[in-house]
Amino acid sequence: MARWCYRHRLVVLVLWVGALFGLGVTASSAGTNYAEVFSLPDTDSKRAYDLMRKAFPERAGDTDTVVWKTDEGTVRDAAVRSRMEDALAEIGRMEGVGAVAGPYDERGAAQISEDGRIAYAQVTFAEQADAVPKALVQDVVDTARAAAGDGLQVELGGQAVTRVQEPPTGTAELVGILAAAVVLFLAFGSVFAMLLPIVVAVFGVAGGMFGTQLISHVTDVPELASLLATLIGLGVGIDYALFIVTRHRKGILSGKDPEEAAVAALNTSGRAVLFAGGTVCIALAGMLVTNLRFLDGVVIGTSLTVVLGVLAAITLLPALLGVLGHRVLSRRQRRRLAASETKGEQVSGLAARWSATVQRRPRAVAAVAVVLMAALAVPLLSLRLGTVDQGNDDASTTTRKAYDLLAEGFGPGFNGPLQVVVDGEAPTGLIRAVEDTEGVAQVAAAPPANGVSVIQVVPTTSPQDVETDRLIDTLREDVIPAAGVQAHVGGVTAVSKDFASVTGDRLPLFVGTIIGLGFLLLLLAFRSLVVPLTAAVMNLLAAAASFGVLVMVFQWGVGLDVLGLGTEGPIASFLPIIMLSLLFGLSMDYQVFLVSRMHEEWVHTRDNARAVRVGLAETSRVINSAALIMVCVFLAFVLSGDYGAAMAGVGLAAAVALDAFVLRTALVPAVMHLLGRANWWLPAGLEKRLPHLAVEPKEEDDGGSPAPAPEEKAVDGTASVVHGFVRTPEGEPVRGAAVTLLTPGGRQLDRVASLADGAYVVAVPSPGTYLLAVSASPHGARAAHVTVGEGPLVHDVELTPGGVDAVS
């Protein structure tokens, strides 16, 4: 498939552009039909909601609020009243505004605070918030705020108003892409190579967004799904293309022509991308076991975007590689390649030195990593899930000011009233009991409508206060049962509390499901029980530490001012399940790319220390680059203007950074060094029964690990290898050293060049004594006899200009 896409690149490009254009035109014509459905089956708030719909059929339009406050006198003064009545009348005449309910008539008397200084009006649009034209909402905002001045403050709140104070659509995505471009250019040193992952990711994300927009017409998809799909799509799309482009460049630098390098890259890293994309989709699908229908649309949108990102990486990318040819390399690399001065892309000295450090001091590295992760996880103990509303907006926004004015004039609980809903007429005893309940500021009982009575309850505390949660429990468990009536407590705050409770109850099943599925996939891929078990533990560590960071930032308020994210509050109820799905999927990506290289080395040498050392040295740079790109993309969503998306962005950025820079680069390899050969243990009976799944099949020759010598393949069960490192007396790796294995009589058996980290492997046909010669200019030369038994022999070589010792 890769070869076909490479050779028919123009056809592939036309098909992708045509498909994207067609999807875009269709989606633009159809528009969006996002639905914010937070329905929770078998909960008290859901039963209250059903009765409310029976009493008051759902209105079509979104209702926003205009709030004003006067510094002197009252809002009833003629000057204030005339200005606000004129503004509200003008708003009411706007096309698209259904109704305006102000405070200056008998029905609106309750819309003026007790001290007379604050009042509000409700503006009902003809459409739901996401369907109201932004131009109309801006006109409403401008008209209302034009009445301000001379001691009169006017602010607006509501979902429609939130949309016009958000940054322009695409700001977060653009910032994330620009940050990713900088990282890619530093990693590749080539503008064309930098553009490839970005173009591939943009195609995948755009297709996913258009597809999600169309799907919203046939099923309930929340608007949050589009944001999260963009968030995860940009991250994985750029990362997957990065892994493939890195392998492709490595192939060209090792001497392959661009077509063969592209085929080899897709047949190796491309397979790993398919596997990694599958694990992300499985982790996302794990949300379905919670039976929270609100999440179905999130699963659809994010999974579709990931699938299209993978398809773009394995079809569009090879076509683009065909267009670029050798231009995927930097000018310096092309000049060196033309002069035959390079054979493979170097592993950085830092990566090789760090890998050697982890091998020498695995206990110390593991201890530091565990202490760091545990310290960051401590705040998790104070995690509180709850309502995220406009009270968390930045203090400079009009929605936050409106929220604060309403709380000042009518009490903190006014922004999150509760409804006690009774099927039938509400008994007087119930109304009095609710009034007498501690924590209730105000009670208003409406006459029965369609056989349903509603008691409006305003708490004394804000929707985010833990005391409000206790009031809901008191009403449900004590007050209502004592009144001997069948009633239910509803409202946005009650729904959020029930959502948090349901999430907590179903979280163990969800976590168990996705960890279990991930365990089985890694078991099949790496033929080991310990590797997937280690991955599961690391995923839990990453989740605990990242949620600890979330609590510190959003619940404790550490750094919120720096990020410009408003005030602290509880963690959004929906976030744990969504974030854990994305985190486990992304963590599995890095585990696959890291361990697949280690597994390849283990299969060849049966030396765990070398497998872990080489795997870390050769993959840490690309994993860290990929993680840095994801961190940039996720943090950019702080600029999205959506508090929930910003919270998810910060949480995922922390999770990816800790996972890549602490767990995969330090703790995982340290633990694997400590476990030794046990890493690759699998019971013989299970080995026979498990199907074989090759994540990244071995290349014939990619300039990486040397291929086994022909003699090795010809010997029945007795072939082995000699391997180790070539270093200077200062411990620096020697790259390109000629390592030759000879018989005692001088016949050459195998010859290889050491890698960038100094590593080498030569094939031995059978046990016995051989001569190993090593030379590298200007480091000198050395020869030593080595005796090889039934297994691999580790033999490190130290080269000095004047005669060197061979250290076994």
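Residues numbered from 1 in each chain as written. Predicted model: local features only at pLDDT ≥ 70, side-chain atom pairs only at ≥ 80, totals over all residues. Heavy atoms only, no water.

Peer 1: What is the right way to read the overall build of the chain from this model?
Peer 2: The secondary structure content of the chain amounts to 25 helices and 19 strands. Referenced to the eigenvectors of the C-alpha coordinate spread, the extents of the chain come out at roughly 110 × 55 × 45 Å. Split into buried and exposed, the 808 residues of the chain put 56% on the buried side. A separation threshold of at least 6 residues defines the contact pool for the chain, and within that pool the share at least 24 residues apart is 76%. When the 60 positive and 79 negative side-chain charges of the chain are each reduced to one mean point, those points stand 12 Å apart. (Helix = DSSP H or I, 4+ residues; strand = E, 2+ residues; numbered from the N terminus. Buried < 20%, exposed > 50% of the residue type's maximum accessible area, 1.4 Å probe, protein only. Contact = heavy atoms within 4.5 Å. Lys, Arg positive; Asp, Glu negative; His and termini not counted. Charge placed at Lys NZ, Arg CZ, Asp CG, Glu CD.)

Peer 1: Explanation requested: the pattern of salt bridges in the structure shown.
Peer 2: Side-chain pairs of opposite charge can arise where the charged atoms are in close proximity. Applying the stated rule across the entire model yields 15 salt bridges. Arg7 is the partner of Glu259 in a salt bridge, and the nearest nitrogen-oxygen pair spans 2.7 Å. Of this pair, Glu259 sits in helix α10 (residues 258–285) while Arg7 sits in helix α1 (residues 2–7), placing them 252 residues apart in sequence. Look at the salt bridges and you will find they share partners, linking Arg3, Arg7, Glu259 and Glu260 into a network. (Salt bridge = Lys/Arg side-chain N within 4 Å of Asp/Glu carboxyl O.)

Peer 1: Quick question: what am I supposed to make of the packing of aromatic side chains here?
Peer 2: Within this structure, the stated rule accounts for 6 aromatic pairs. Put simply, the rings of Tyr120, Phe410 and Phe414 touch in pairs and so form one group of aromatic residues. Sitting above the plane of the Tyr6 ring, Arg9 keeps its charged end 5.3 Å from the centroid. For Arg327, the ring lying beneath its charged end belongs to Phe192, and the centroid distance is 5.5 Å. (Phe/Tyr/Trp six-rings, centres within 6.5 Å; stacked < 30°, edge-to-face > 60°. Lys NZ or Arg CZ within 6 Å of the ring centre and 35° of its normal.)

Peer 1: When you look at the side chain of Ser216 in this model, what are you seeing that I'm missing?
Peer 2: Along the chain, the position of Ser216 falls in the loop between α8 (191–215) and α9 (223–253). A polar contact of 2.5 Å, which involves the side chain of Ser216, links it to the backbone oxygen of Gln213. Apart from residues lying up to four places away in sequence, Ser216 is in contact with Thr32, Asn33, Tyr34 and Val221. (Polar contact = N/O pair within 3.5 Å; in protein donor to acceptor, adjacent residues only side chain to side chain.)

Peer 1: What exactly am I supposed to notice about the pairing of strand β4 (residues 152–157) here?
Peer 2: Moving residue by residue along a regular strand, the side chains alternate between the two faces of the sheet. In terms of residue burial, β4 counts as a mostly covered element, since 5 of its 6 residues are buried. Two elements, strand β1 (residues 63–70) and β4, share 6 bridges in a ladder whose sense is antiparallel. Within β4, the position partnered with Thr65 by the bridge is Gly157. (Pairing = 2+ DSSP bridges.)

Peer 1: Would you mind showing me how to read the sheet that holds strand β9 (residues 487–490) here?
Peer 2: Paired through their backbone hydrogen bonds, the strands of a sheet run either parallel or antiparallel. Taken in spatial order, the 4 strands line up as β7-β8-β6-β9 in an open sheet, and their pairing is antiparallel. Each edge of the open sheet carries a strand with a single partner, namely β7 (440–445) and β9. The average angle at which neighbouring strand axes cross in this sheet is 20°, direction not considered. For strand β6 (residues 418–423) and β9, the ladder comprises 4 bridges, and the chain directions are antiparallel. Its bridge partner lying in β9, Val422 is registered against Ala487. Against the sheet, helix α16 (residues 428–435) makes contact with β6, β7, β8 (452–459) and β9, and its axis sits at roughly 160° relative to β7, the strand it touches most. (Axes fitted to C-alpha atoms, helices over the stretch in contact; angles between N-to-C directions.)

Peer 1: Help me understand the packing of α9 against helix α11 (residues 296–324), please; the structure alone is not making it clear to me.
Peer 2: When two helices pack together, their arrangement is captured by the angle between the axes and the distance separating the axes. Where α9 meets α11, the closest approach of the two axes is 8 Å, and the angle between their N-to-C directions is 25°. Overall, the two elements α9 and α11 adopt an arrangement that is roughly parallel. The interaxial crossing formed by α9 with α11 has right-handed handedness. Within the contact between the two elements, α9 uses Ala225, Leu228, Ala229, Ile232, Gly233, Val236, Tyr240, Ala241, Ile244, Val245 and His248 and α11 uses Gly297, Val298, Gly301, Thr302, Thr305, Val306, Val310, Ala313, Leu317 and Leu321. Of the residues belonging to the contact of α9 with α11, the class tally is 15 nonpolar, 6 polar and no charged. (Parallel < 35°, antiparallel > 145°, perpendicular 65-115°, else oblique. Left-handed = near helix turned anticlockwise from the far one by under 90°. Nonpolar A, V, L, I, M, F, W, Y, C, P; charged D, E, K, R; others polar.)

Peer 1: It is not clear to me how the state of the cysteines should be interpreted in this structure. Could you clarify?
Peer 2: Covalent bonding between the sulfur atoms of two cysteines defines a disulfide. Throughout the structure, instances matching the rule amount to 0 disulfides. Counting only cysteine sulfurs, Cys281 is the nearest neighbor of Cys5, a cysteine outside any disulfide, at a range of 20 Å. What makes Cys5 buried here is its relative accessible area of 4%. (Disulfide = S-S within 2.5 Å.)

Peer 1: Just checking my understanding: could you explain helix α15 (residues 398–410) for this structure?
Peer 2: Helical geometry note: an α-helix holds 3.6 residues per turn, so side chains three or four residues apart project in the same direction. Its 13 residues give α15 an end-to-end C-alpha distance of 18 Å, which sits within 8% of 18 Å, the value for a rise of 1.5 Å per residue. The set of residues buried in α15 consists of Thr398, Thr399, Arg400, Ala402, Tyr403, Leu405, Leu406 and Phe410. The inward-facing, buried residues of α15 contact β1, β3 (118–125), α5 (134–146), β4 and α6 (159–165). Phi turns positive, to about 100°, at Gly411, one or two residues after α15. (Expected span 1.5 Å × (residues − 1).)

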